[in-house]
Amino acid sequence: MSIFDELRQRKLEAQTRRHFLKNCSLGLGGLAFAAMTGCNPFPSSKGQQKSPAEGHPLAPKPPHFAPKAKRVIYLHMAGAPSQLELFDYKPELQKLHGKDCPPSLLEGKEFAFIEGVPKMMGPQANFKKRGESGVMVSDLLPHFSTIVDDVSIIKSMHTDEFNHAPAQLMMLTGGPRLGRPSMGSWVTYGLGSENDNLPGFMVLVSGGKTPSAGKSAWGSGFLPSVYQGVQCRSKGDPILYASNPNGIDRDLRKKAIEAINNINKKEYEEVGDAEILTRISQYEMAFRMQTSVPDVMNIEDEPNYIHEMYGTEPGKTSFANNCLLARRLVEKDVRFVQLFDWGWDSHGTDKSTAIEAGFRDKCRQVDQPMTALVKDLKQRGLLEETLVVWGGEFGRTPMQENRDGQEMPFMGRDHHTEAFSVWMAGGGVKGGMTYGETDEIGYTGIKDRVHIHDLQATILNQMGLNHEELTYFHQGRDFRLTDVHGHVVEDILA
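With an unreviewed UniProt entry as reference, the protein chain is termed DUF1501 domain-containing protein, source organism Fodinibius salsisoli.

Printed below as a string of structure tokens:
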């Protein structure tokens, strides 16, 4: 059979009733089952479009209401920094240092590593009132102390998970298990992107390792994959495989992509799969990124005073470089920029995880650049429309860790779900204030407790998104970032 006869035969098979009834009978059962279970790839619920926009899934979309912020920079300290050495001043805890932990703090509680009766551990830092607002901040963050009047610190955060990967997923996707979209994916799904040449959600990683939750921390879950975070590198090629192969010039690459996308468009016309639109969009985006990404990721053309301000070293991978890159990305209207910095798991098992050593080193690494980021955004008039968020996945215990019932060789604290701190700046958030309160030893929140779903609802709110209406129909029901929980923390909003 010639190729033309074969093409004609396949076309007839796709159109005749005889072929359909002979070969697609099982498919009818599948269609019926999909209808009964609600597995429709393009349903509409609560007025929210559920499939990518035809031909341009990242096209800008109107928010639910007028936003205070147009962009988010989320700084996640993977491993969970100790709030008791940074923001939550507890002089009463110092008086208990070295004493046995009271049974009331241990009964019915589950910890990651603490066993038996641990010793109480006082703050390993000195605190002082900072700024005109008089916010208490430790001496481990001398640079940050200069911007407290631009920041709201939430001291009463709490979560449901005490191990890193589930807690990171809970914080960033709204649930502790794999498969849910990350916060950045929800934002770009709800609002699209205002830059045709860059992804709407970009990710930068420092500290030598990715977070315990892996790339699921910025994955798109059940949303179309066009909304997942695109990881960039501050050293080497900014994005892997974006460069042309040897012997392929830009004109040839363009023709190849056009040919591939013509095939994809015909495939979409036949099957209507939203992921085909994603492929088309991503091929086109990748081609445009070949020129836009190297430009925006090149920090060498920044003036010397900016490098001194951030403490950057071009050509290296560092949190400082990533903070500067985050500013450059939001200048280009990237909707959501997420920075992960690994190495904050301060158990005290060795010097690198000791509160008195490794933890202090991490504070020195992030203090200057995160402060410079806020100041730089402010001096450029970007802070009002950019929401900056900083925090980990949970807190640390007021007791010293005693893994396997044995006292650690260095000062360290175990994972703690009941209390930790997060700070926010810009994007319509009040400055110079603290919100929430923990008990006298920082064990649990006693006033204005804020769950991570509340934090997520507040971030979406500042972007003009109602967290209860930003939904996606999946497996028979509407899903949202905040699951079935969450309240906007109105008191910190300007």
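Draft legend 1. Region of interest: the confidence of the model for the protein chain. Confidence along the protein chain averages 89 in pLDDT terms, with 90% of residues attaining 70 or more. In this model residues 41-53 is a low-confidence stretch, pLDDT under 50, and it forms 32 contacts with partners more than four residues away in sequence or in other chains.

Draft legend 2. Spatial organisation of unusual backbone geometry. For D333, which is not a glycine, the phi torsion comes out positive at approximately 65 degrees. By secondary structure assignment, the location of D333 is in the loop between α10 (319-331) and β7 (336-342). Positive phi values are uncommon outside glycine, yet Q475 reaches one of about 50 degrees. Tracing the backbone shows Q475 in the loop between β16 (472-474) and β17 (477-479).

Draft legend 3. Inspection of the packing of aromatic side chains at higher detail. All chains considered together, the criterion is met by 15 aromatic pairs. Considering the side-chain rings of F222 and Y472, the 5.9 Å spacing of their centres and the 25 degrees angle between planes classify their relative orientation as stacked. You can see F222 sitting in the loop between β5 (201-206) and β6 (230-232) and its partner Y472 sitting in strand β16, a full 250 residues away along the chain. Across this residue pair, the class does not change: F222 and Y472 are buried. Members of the aromatic cluster, each reached through a chain of ring pairs, are F87, F144, W344, F359, W390 and W423. The lysine or arginine in question, R403, covers the ring of F113, its NZ or CZ lying 3.7 Å from the ring centre.

Draft legend 4. Geometry of a negative patch on the surface. On the surface, a cluster of negative charge is made up of E267, E269, E270 and D273. Mapped onto the elements, E267 comes out in helix α7 (residues 250-271).

Draft legend 5. Here's a closer look at the pattern of salt bridges. One pass over the structure, following the stated rule, counts 22 salt bridges. A salt bridge links E302 to R328, with the nearest nitrogen and oxygen atoms 2.7 Å apart. Pair noted here: E302 is in the loop between α8 (274-296) and α9 (304-310) and R328 is in helix α10, with a separation of 26 residues, a long-range link. The exposure class of E302 is buried, given its relative accessible area of 9%. Notably, a salt bridge pairs R449 with E418, separated by 3.0 Å at the nearest N-O pair.

Draft legend 6. Layout of the nonpolar core. In this structure, L75, F144, M370 and W423 are the most contacted members of the largest nonpolar core, which totals 54 residues. The element contributing the most residues to this core is helix α11 (residues 358-379), with eight residues. Not counting the four nearest positions on each side in its chain, W423 is found in contact with F87, F144, V151, S152, I153, M370, V374, V388, V389 and W390. Grouped together as the second largest cluster of nonpolar side chains are 50 residues, V72, M463, F479 and I492 included.

Draft legend 7. Main features of the environment of G442. Along the polypeptide, G442 turns up in the loop between β13 (437-438) and β14 (445-447). The spacing of G442 and T317 is 125 residues in sequence and 35 Å in space, taken between C-alpha atoms. If we ignore the near neighbours within four places in the chain, the residues touching G442 are Q83, L84, D88, K90 and A419.

Draft legend 8. Looking closely at the packing of helix α5 (residues 164-173) against helix α12 (residues 452-462). Here α5 crosses α12 at 35 degrees, and the two axes come no closer than 8 Å. Facing M170, M171 and L172 of α5, the residues of α12 in contact are I452, H453, L455 and Q456.

How each quantity is defined
- Residues numbered from 1 in each chain as written.
- Predicted model: local features only at pLDDT ≥ 70, side-chain atom pairs only at ≥ 80, totals over all residues.
- Heavy atoms only, no water.
- pLDDT = per-residue confidence, 0-100.
- Contact = heavy atoms within 4.5 Å.
- Helix = DSSP H or I, 4+ residues; strand = E, 2+ residues; numbered from the N terminus.
- Phe/Tyr/Trp six-rings, centres within 6.5 Å; stacked < 30°, edge-to-face > 60°.
- Buried < 20%, exposed > 50% of the residue type's maximum accessible area, 1.4 Å probe, protein only.
- Lys NZ or Arg CZ within 6 Å of the ring centre and 35° of its normal.
- Patch = residues over 30% accessible without salt bridge, like charges linked within 9 Å, V, L, I, M, F, W, Y side chains within 5 Å.
- Areas by Shrake-Rupley, 256 points an atom, 1.4 Å probe, with all protein chains shown as cover.
- Salt bridge = Lys/Arg side-chain N within 4 Å of Asp/Glu carboxyl O.
- Lys, Arg positive; Asp, Glu negative; His and termini not counted.
- Charge placed at Lys NZ, Arg CZ, Asp CG, Glu CD.
- Core = buried A, V, L, I, M, F, W, Y, C linked by side-chain atoms within 4.5 Å.
- Axes fitted to C-alpha atoms, helices over the stretch in contact; angles between N-to-C directions.

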